[in-house]
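Descriptive structure summary
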Amino acid sequence: MFTARFIRVILKNVGDLMNELARLELLIGDKVKQLAKKTVLIIGLGGVGGYAVEALARSGIGHLILVDGDIVEATNMNRQIIATKNTIGQLKTEAWKQRIGEIGTDTKVTCVSAFITAENIEQLFAFKPDYLIDACDTVATKKELIRKSVEYGIPLISCMGMGNKMDPSKIEVTEIRKTSYDPLARAIRQMVRKEQIKDDVMVVCSTEAPLQHGSEAIASNAIVPSVAGLLCANYVFHNIIS
C-alpha cells in the first residue's frame, strides 16, 4: 500500500523530469540558474552560428541576441539547421526566433536583422551582452568585434574559416596566436600583433589545410560547420557554469 507521502514524492519527480531542462539539471544541478541569467550575442546565423544558437537555446540561456542581415536561401540547405522548405525567403533572425519559441525554453530572443560594420557595431554593445560568439564571414567585422570585446571586457569566441574543409576531428578551441594553416586566422593574427592586443583572443579553428576543388566558390558540408558551432557554444556554456 503506497502512502500519500510516497505518491507525492513520485509525482514531484515525474513533474521535475517533464521540465525542458531536467536532463541538463541532472548534470549541472542549480547551475542551470546561472545560464538563465546570461545574455549571449551571436553574430552570423549560418552553418556555424546556427548550431551555436541551437545548443544555447536548448541549454536555457536567458537571453540570445541574434544578429544577421541575411535571408534563408536554397543554397543554405546543405549545412544550416534553420534552412528548410518552410523557411526559404525568411529573415534568418526571425526564423530562429520562431524556432526557439517552439523549443519551449524561457529564452528571450532579440533580433538584429542587419549586417554589422564598423559604422553600426556600437549598437550591439548597448545590449550589454555577457558573451560574444563571432560566426560572421567578414574579416573587417571580425577584427572590429575583437577590438570591441577587448574595449568592453566581454569574453569572445571567434570562429575562423570552416569552408573547404572535411575533417571535424581537426577543429579545436585555441588562442589566435597558436593557429596555423587558416588564411582567415592569419589575417586576425596579423591584426592582433600589429595593434599589440595583449588579451587572449580565443578562436575555434581547424588545423586542416583548405581543400582545393577547382572553383572560386567556398565549398562546405553539414558536419564541419556544425561541429565548430557546437564548440563555440560549449566554450560559452562552460565559462558560465565553471
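Before going into details, it helps to say that this report is about the structure given with it. (Residues numbered from 1 in each chain as written. Predicted model: local features only at pLDDT ≥ 70, side-chain atom pairs only at ≥ 80, totals over all residues. Heavy atoms only, no water.)

1. With respect to the overall build of the protein
For the record, the criterion: For the purposes of this entry, the term helix denotes a DSSP run of H or I that reaches at least four residues, the term strand denotes a run of E that reaches at least two, and both are numbered from the N terminus. Each residue is placed in one exposure class: buried if its accessible area under a 1.4 Å probe, protein chains only, is under 20% of its type's maximum, exposed if it is over 50%, and partly exposed if it falls in between. Should any heavy atoms of two residues lie within 4.5 Å, those residues are considered in contact. Using a 1.4 Å probe, accessible areas were evaluated by the Shrake-Rupley method; residue-level cover was limited to the displayed protein chains. Positive charges are assigned to Lys and Arg, negative charges to Asp and Glu, while His and the chain termini are left out of the count. Charge coordinates come from a single atom per side chain, which is NZ of Lys, CZ of Arg, CG of Asp or CD of Glu.
The secondary structure content of the protein amounts to nine helices and seven strands. When the backbone C-alpha atoms are referred to their principal axes, the protein occupies close to 75 × 40 × 35 Å. Burial analysis of the protein (242 residues in total) assigns 46% to the buried set. Intrachain contacts of the protein at a sequence separation of at least 6 include 71% that bridge at least 24 residues. Put simply, the protein shows about 12,800 Å² of open surface, and 54% of that area lies on carbon and sulfur atoms. Taking the average location of the 29 positive side-chain charges in the protein and that of its 27 negative ones, the two points are 5 Å from each other.

2. Regarding the nonpolar core
For the record, the criterion: What we call a nonpolar core is a set of buried Ala, Val, Leu, Ile, Met, Phe, Trp, Tyr and Cys residues that are connected through their side-chain atoms within 4.5 Å.
By size, the foremost hydrophobic cluster in this structure holds 42 residues, and its most contacted members are Val40, Ile42, Leu64, Leu66 and Ile133. By residue number, the principal contributor to this core is helix α9 (residues 224-241), which donates nine residues. Setting aside residues up to four positions removed in sequence, Val40 forms contacts with Leu56, Ile61, His63, Leu64, Ile65, Tyr131, Ile133 and Val236. Of all hydrophobic cores here, the second largest spans 26 residues; its members include Val112, Met160, Val201 and Cys205.

3. Digging into α9
Because an α-helix completes one turn every 3.6 residues, residues spaced three or four positions apart along the sequence face the same direction. The test is simple: One less than the residue count of a helix, multiplied by 1.5 Å, gives the span that helix is expected to have.
With 18 residues, α9 should reach 26 Å at 1.5 Å per residue; the first-to-last C-alpha distance of 26 Å fits that figure. Within α9 the residues assigned to the buried category are Val224, Pro225, Ser226, Ala228, Gly229, Cys232, Ala233, Tyr235, Val236, Phe237, Ile240 and Ile241.

Function-wise, these values are silent; they only describe arrangement.
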